[in-house]
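Observations on the three-dimensional arrangement
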Amino acid sequence: MFEGLGVAPANILLPNCDLSKWSVVACDQYTAQDEYWRSVEETVGDAYSSLRLILPEAHLNDSDVEQKIVDIHYAMAQYIARNLFLAHENTMFYVERGVSGGKIRRGLVCKMDLDAYDFRPGSQAMVRATEKTVLERIPPRVHIREHALLELPHVMILIDDSKGSVIAPLQQKKDRMDKLYGFDLMQGGGHIDGWRVDEAAMKEIAQSIQYLSGHTDMLYAVGDGNHSLAAAKTIYENDKKSTPENIWGLLYSRWTLVEIVSLNDPGVEFLPIHRIVFGVNPQKLLEAFCAYYPNVVVGEENGHVIHWCYGDRRGTMTVLHPEAELAVETLQNFIDQYVEKNGGTVDYIHDISVVEELSQQENAVGFVLPEFPREKLFPYVQKHGALPRKTFSIGHSQDKRYYLESRIIEEG
């Protein structure tokens, strides 16, 4: 029923253990906050946990990273051997996630066809990247995934469903579906409930997606997890090279688990992603910004407004008559060339309070960006291609997807 729609039901695994200790936040969060991951480690203790199956990016440059990856693959094999997982075959999960502000974000967990996805610039694929894919960031993720027995998704895919026909109706049907879980996520992640979608509801979902597909050439946009999805795509393309074309459809690597959410869901909050530049002289960097954009003025005017902070200093500047369409483009274009020429490192932060905290460090300066209007997302990507990297975030860090479901991607 989902033929040609880019998504399909999947064989989804759920662990039979304490889910409040199993489920941890996406690996690409809290990259500059080691204390967060130490706290997760203390919470998990010796319990079964997805923490053992992922590599937080905060540890990506650790000296023992190769051993960490070996340990991840071993833990996957051990969990499977111990029959930890309960299999739910050929299905989708309907998920309700409590997020900041007391809102509920609704999602649909299923598998996505990587033949329908292309992250390359100028792509006209059904599934498109929303941010520029940094090719250098793909190999570490490929290295982790290529010998893994399991995948655990933190990718969220957006669908522009203004009429609420795909996912929203499941809220009224959940009482007739089998409830699979309901628990509080650790570290302030809110509450999550999940149901197995029945056959009748899946048929209605397919019909609704089919209708949407007839009105756009870009059906899905990657909301979160751009680089993880690009890694999965890279592995699939490599597998195709050594596999006869007539059996590509049987490759485990052709599909990947995702959660689909509606761009228009009231629980989907679009937030700007801010920047911290470390290892620079803040005052010299700001002076260089003004030289790079001679039409910059102090204060908030009509143009691209950017707030900055370092130490106990705060300020606002506006680039008048900018050439770029978005403020994030204006800032990122400058930062890229400045760091390349003068050194320094950039981190991408979701929460303003964290920007302010980290900008207290010596030789660090933070930049706070304006909100990104969600209604611009699909038109921008269709017209220009991917946004600059780390343009927007779906919710605060604690609202990101937590690892919970998994899928076999390689025979043990």
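About the thresholds
Residues numbered from 1 in each chain as written. Predicted model: local features only at pLDDT ≥ 70, side-chain atom pairs only at ≥ 80, totals over all residues. Heavy atoms only, no water. Salt bridge = Lys/Arg side-chain N within 4 Å of Asp/Glu carboxyl O. Buried < 20%, exposed > 50% of the residue type's maximum accessible area, 1.4 Å probe, protein only. Helix = DSSP H or I, 4+ residues; strand = E, 2+ residues; numbered from the N terminus. Expected span 1.5 Å × (residues − 1). Arc of directions from axis to C-beta. Contact = heavy atoms within 4.5 Å. Pairing = 2+ DSSP bridges. Axes fitted to C-alpha atoms, helices over the stretch in contact; angles between N-to-C directions. Parallel < 35°, antiparallel > 145°, perpendicular 65-115°, else oblique. Left-handed = near helix turned anticlockwise from the far one by under 90°. Phe/Tyr/Trp six-rings, centres within 6.5 Å; stacked < 30°, edge-to-face > 60°. 1 Å grid on protein atoms, 1.4 Å probe; cavity = no way out; pocket = protein on both sides within 12 Å on 5 of 7 lines; lining within 4 Å. Points joined across faces, edges and corners; volume = space filled by probe spheres on them. Nonpolar A, V, L, I, M, F, W, Y, C, P; charged D, E, K, R; others polar.

**Notes on the pattern of salt bridges**
One pass over the structure, following the stated rule, counts 22 salt bridges. One salt bridge connects K68 with D64, and the closest N-O pair in it is separated by 2.7 Å. You can call K68 partly exposed: its relative accessible area is 21%. Residue D64 is classed as partly exposed on the basis of its relative accessible area of 36%.

**Some words on helix α3 (residues 65-81)**
With 17 residues, α3 ought to run about 24 Å at 1.5 Å a step, and its terminal C-alpha atoms sit 25 Å apart, in line with that. All of the buried residues in α3 are V65, I69, I72, H73, A75, M76 and Y79. In an axial view of α3, the angular spread of the buried residues amounts to 155 degrees, which keeps them on one side of the axis. Of the exposed residues in α3, the ones pointing more than 90 degrees away from its buried face are Y74 and A81. Its buried side turned inward, α3 meets α1 (19-22), β3 (85-91), α4 (138-145) and β8 (150-151).

**Notes on unusual backbone geometry**
Working note: non-glycine residues mostly have negative phi, and peptide bonds are mostly trans. In the Ramachandran plot, N90 falls in the positive-phi region, its phi being about 50 degrees despite a non-glycine side chain. Within the fold, N90 resides in strand β3.

**Looking at the environment of H73**
Relative to the assigned elements, H73 resides in helix α3. Note: C-alpha distance between H73 and E204 (131 residues apart in sequence) is 38 Å.

**Describing the pairing of strand β17 (residues 304-310)**
Two faces, one strand: in a regular strand the side chains alternate between the faces of the sheet. The buried count for β17 comes to 6 of 7 residues, which makes it a mostly enclosed element. As defined by bridge partners, β17 adjoins strand β18 (residues 313-319) across 7 bridges and the pair is classed as antiparallel. Following the sheet pairing, H304 is matched in β18 by V319. Once β17 ends, the chain turns through 2 residues before running back antiparallel as β18, passing G311 with a positive phi of about 55 degrees. In the sheet, β17 pairs with strand β20 (residues 364-368) via 3 bridges, with the strands oriented antiparallel. By the bridge assignment, H307 is partnered in β20 with V368.

**Some thoughts on helix α6 (residues 199-213)**
Compared with an ideal rise of 1.5 Å per residue, which puts 15 residues at 21 Å, α6 spans 21 Å between its outermost C-alpha atoms and is within 8% of the ideal. Taken residue by residue, α6 has A201, M202, I205, A206, S208, I209 and L212 as its buried positions. In an axial view of α6, the angular spread of the buried residues amounts to 165 degrees, which keeps them on one side of the axis. The inward-facing, buried residues of α6 abut β1 (7-8), β3, β5 (104-113), β9 (156-159), α5 (170-173) and β12 (220-224).

**Let's talk about the packing of helix α8 (residues 282-292) against helix α9 (residues 327-342)**
Orientation of α8 relative to α9, taken along the N-to-C sense of each, is 120 degrees, at an axis distance of 11 Å. In terms of orientation, α8 and α9 fall into the oblique class. The chirality of how α8 crosses α9 is right-handed. Contact residues: K284, L285, A288, F289 and Y292 in α8; L331, N333, F334, Q337 and Y338 in α9.

**Section: the packing of aromatic side chains**
In total, this model carries 17 aromatic pairs according to the counting rule given. When the ring of F334 is compared with that of Y338, the centres are 5.5 Å apart and the planes differ by 35 degrees; the resulting orientation is tilted. Residue F334 and its partner Y338 are located together in helix α9, separated by 4 residues, close to a single helical turn. Judged by its relative accessible area of 0%, F334 falls in the buried class.

**Topic: the pairing of strand β4 (residues 93-98)**
The buried count for β4 comes to 6 of 6 residues, which makes it a mostly enclosed element. Side-chain alternation along β4 places F93, V95 and R97 on one buried face and Y94, E96 and G98 on a second face that is also buried. Pairing between β4 and β5: 6 bridges, direction antiparallel. By the bridge assignment for β5, G98 is matched with I104. What sits between β4 and β5 in their antiparallel hairpin is a turn of 5 residues, with G101 showing a positive phi close to 85 degrees. Of the pairings in the sheet, the one linking β4 to strand β11 (residues 191-196) comprises 5 bridges and is antiparallel in character. Each bridged residue has a counterpart across the sheet, and for Y94 the counterpart in β11 is W195.

**Details of empty space enclosed by the protein**
Applying the stated criterion across every chain, the model contains 5 cavities of 30 Å³ or more. Here the largest cavity defines a volume of roughly 410 Å³. Around the largest cavity, the lining comprises 25 residues; the ones closest to its centre are I144, R145, L152, H154 and S228. At the level of elements, α4, β8, α7 (226-241) and β13 (255-262) are the ones that each hand at least two residues to the lining of the largest cavity.

**A word on the layout of surface pockets**
Quantified by volume, the largest pocket comes out at close to 710 Å³. Considering the residues around the largest pocket, the lining is formed by 22 residues, among which E57, R137, V346, D347 and Y348 are closest to the centre. Those elements that place two or more of their residues in the lining of the largest pocket are α4 and β19 (345-349). At 4 residues, β19 tops the list of elements feeding residues into the lining of the largest pocket. By residue class, the composition of the lining of the largest pocket is 9 nonpolar, 4 polar and 9 charged.

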